[in-house]
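Read off the chains here:
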Amino acid sequence: MTRFFRFGALVATTALAGLSGAAMAAPNPFASPSTLPLQAPRFDVIHDSDYKPAFLQAMAIQKGEMRRIANNHAAPTFDNTIAAMERSGRMLDRVSLTFYGVYQANTNPTLDKTQSDIAPLLSQHQDSIYLDAKLFKRVETLYNDRAHLDLTPEQAQVLTLYYQQFVHAGAKLSPADQVRLRALNTQISTLETAFQQKLLAATRDGALVVDNKAALAGLDDGSITAFAKNAADRKLPGKWVIPLQNTTQQPDLTDMTDRATREALFKQSWTRAEKGDANDTRATIATLAHARAQKAALFGYPDFASYVLYDQMADTPAAVQHFIAELAPATRTQQDREAARIQETIRKDGQTFTLQPWDWMHYAEQVRKQDYALDENQVKPYFELNTVLRDGVFFAATQLYGITFKQRTDIPVYNPDMMVFEVFDKDGSTLGLMYFDYFKRDNKNGGAWMSNFVGQSRLLGTKPVIYNVANFAKPAAGQPDLISFEDVVTMFHEFGHALHGLFANQTYPMVSGTQVARDFVEFPSQFNEHWALDPTVFAHYARHYKTGAAMPQALVDKIKKAATFNRGYNMGELIAAAQLDMAWHALPASAPQQDVDAFEKAALDKTGLNTALVPTRYRTSYFLHIWSNGYSAGYYAYLWTQMLADDSFAWFREHGGLTRENGQHFRDLILSQGHTQDYGPMFRAFYGKAPDITPMLNHRILGTDPN
Ligand SMILES: [Zn+2]
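Residues numbered from 1 in each chain as written. Predicted model: local features only at pLDDT ≥ 70, side-chain atom pairs only at ≥ 80, totals over all residues. Heavy atoms only, no water.

Q: Which parts of the structure should I look at to understand the coordination of the zinc ion?
A: The textbook angles at a metal center are 109.5 degrees for a tetrahedron of four donors and 90 or 180 degrees for an octahedron of six. At the metal site, the zinc ion is ligated by His 493 (NE2), His 497 (NE2), Glu 522 (OE) and Glu 522 (OE), and these contacts range over 2.1 to 2.8 Å. In primary sequence terms, the donor set of the zinc ion follows H-x3-H-x24-E. Here His 493 and its partner His 497 are both found in helix 18 (residues 485-502), 4 residues apart, which amounts to about one turn of the helix. The pair His 493 / His 497 is uniform in exposure class, with both members buried. (Donors = N, O, S within 2.8 Å, 3.2 Å for Na, K, Ca; no water. Helix = DSSP H or I, 4+ residues; strand = E, 2+ residues; numbered from the N terminus. Buried < 20%, exposed > 50% of the residue type's maximum accessible area, 1.4 Å probe, protein only.)

This is the structure we're talking about:
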């Protein structure tokens, strides 16, 4: 998820160029709410140079608002403290939601500079709020008295969340422990940066140097030329340098026919940060894991995972480990099946060796071609982007939720390729605005995401203004927008997030819409993916762009089968990584610093997976997500939400599938709930039971349920 938008619309920049005198005198466009429908961003008047001063002004304003709340002589009430904090920071929301939308999808050097200038200030700003003792005192007083405050359930939840966030930031620690916390935070952040820098250098240095062109057999000429250029850049003329990718498996292994080169490249990847040199990350990791455990202990938690999971659906490391253990046996079965099929392919290739991890990608690709081949050129004519959007993504939402869509060409955008739609609720009232920015650009981050330009809140009188961003190839002028099935699924996925935002029905911004835990937020999006292959929905959108003909069933079956390729491998490497993450962060503070390799081996052995043949997607020594990217004790979340999504889809099928009644039930009990209650009870209210892992096993691992 993310937010975005950008003032860079060519129309706006050109129009304003002639008005510099007037523009100089104009107030900052973020100083007051936008006058556009639903306070949509004023992409028609915003300049790149407006963001930084707006951030500075907005932080100063919110600081003043917080000071007034903290220094209020009146006794704390929900309204003069909690609601007042929720009302604060309006300008900061306006500028940051707009800025991050544009920055991530349409950046330029000015915005890059704004981000590096502003990011540390925003983090200090946040700290200054959560470490304000007077503010915390008011929150704590209310929290302790919460039973007598006559609060609505939503208010009680918001108060509790504020209290927990202050406590989690250290507000309740003794002054001595706060000093200790600050020291630990500094140590942890220094170690995280050290890890990141060592890993960057180790990955660069870990590139495989090849002396002999014959060793590159199987690779295409373009790759070989690029590797020769890498070598020249590194002053290694006449050689070839293959750079390492982040993950354990290296994409080039797929095409390489020289087994010794495959082994060499794989081993470079596996040992990249374990060479005993200055870039070896193991000592840093051992210290970092220990420091995190100590931080958790300061807060009274048994381990760092417990400290991180306190506000997540899974709640405890034990629950995550139980979940992982439930996934493992089916995954192992699938891994063994895939390994046997690959070994057979090796034998048929006239080879006698036993399959090793560096062979997997290469021979799996042969299996894919034989058993799962899908010709994109055959498939794409049935997936025209605008048809998929209107007759697939929108159609499914109309069938399920009764909502309708009307394109708006009068709402300013930051790039002319964007589309904007007004979304109407079942009674015809406006629900929100929806922007789509689908095409790849050089100044856009990779991947796909959703966020809000304006969040929903009854307190603030705002309705959702939401965007989906992706990186689909833009067709040449005059050509149809034909996309792959993977792109189709991405559209359904991101629109699932959008529905979660559009159906938000909260008073307080803190708990509105998609403001939910990491192990819940991908639930609506992964759930919505299922409708892409629902027979009614699929038949409605998958039509040949020229003839309107339905896709032949044989091709549909191929799409379904292709999705099951290499599942045991893909799931196995994710589960192994999730297990490593959780094991490292379940260490108590009393445990000594660990031997990284021995610890890793023990943790992986415990999974029951074939981790020798299907290695973890990231090894401890190069697991950037958990050592410096904020995913510590959180790597499981994406798998966890798959369980919720697949189980919920099973509920729909049991109840008749694509119907308004089913959609309304899901909207009422999940999609419109935001974070107004805990996730376990929320899921139970929807389904009448706790989530069941079986549909996920059938759908994603065993492949017995293609949809
Ligand atoms: Zn997502």
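Q: I tried to follow the packing of helix 3 (residues 51-70) against helix 5 (residues 90-105) on my own but got confused; where do I start?
A: For any two helices packed against each other, one specifies the crossing angle of their axes together with the interaxial distance. Across the interface, helix 3 lies against helix 5 with an axial gap of 8 Å and an inter-helix angle of 145 degrees. Of the two possible hands of crossing, helix 3 and helix 5 adopt the one that is left-handed. Across from Tyr 51, Ala 54, Phe 55, Gln 57, Ala 58, Met 59, Ile 61 and Gln 62 in helix 3, the residues of helix 5 making contact are Met 91, Leu 92, Val 95, Ser 96, Thr 98, Phe 99, Tyr 100 and Val 102. (Axes fitted to C-alpha atoms, helices over the stretch in contact; angles between N-to-C directions. Left-handed = near helix turned anticlockwise from the far one by under 90°. Contact = heavy atoms within 4.5 Å.)

Q: Help me understand the sheet that holds strand 4 (residues 419-424) in this model?
A: Remark on secondary structure: sheet strands pair via backbone hydrogen bonds, oriented parallel or antiparallel. The 5 strands lie next to each other as 3-4-5-7-6, forming an open sheet whose pairing is mixed. Only two strands of the sheet have a single partner each, and these edge strands are strand 3 (404-407) and strand 6 (449-454). Put simply, the sheet's adjacent strands are angled 30 degrees from each other on average, direction ignored. Its contacts with the sheet put helix 5 on strand 5 (430-439), strand 6 and strand 7 (465-472), and the angle it makes with strand 6 is roughly 145 degrees. (Pairing = 2+ DSSP bridges.)

Q: What should I look at first to understand unusual backbone geometry in this one?
A: For residues besides glycine, phi is generally negative; the peptide bonds are generally trans as well. Non-glycine residue Asn 566 carries a positive phi angle of around 60 degrees. When you line up the elements, Asn 566 lands in the loop between helix 22 (553-562) and helix 23 (567-585). The class of Asn 566 is buried, set by a relative accessible area of 11%. A positive phi angle, near 55 degrees, is found at Ala 633, a position not held by glycine.

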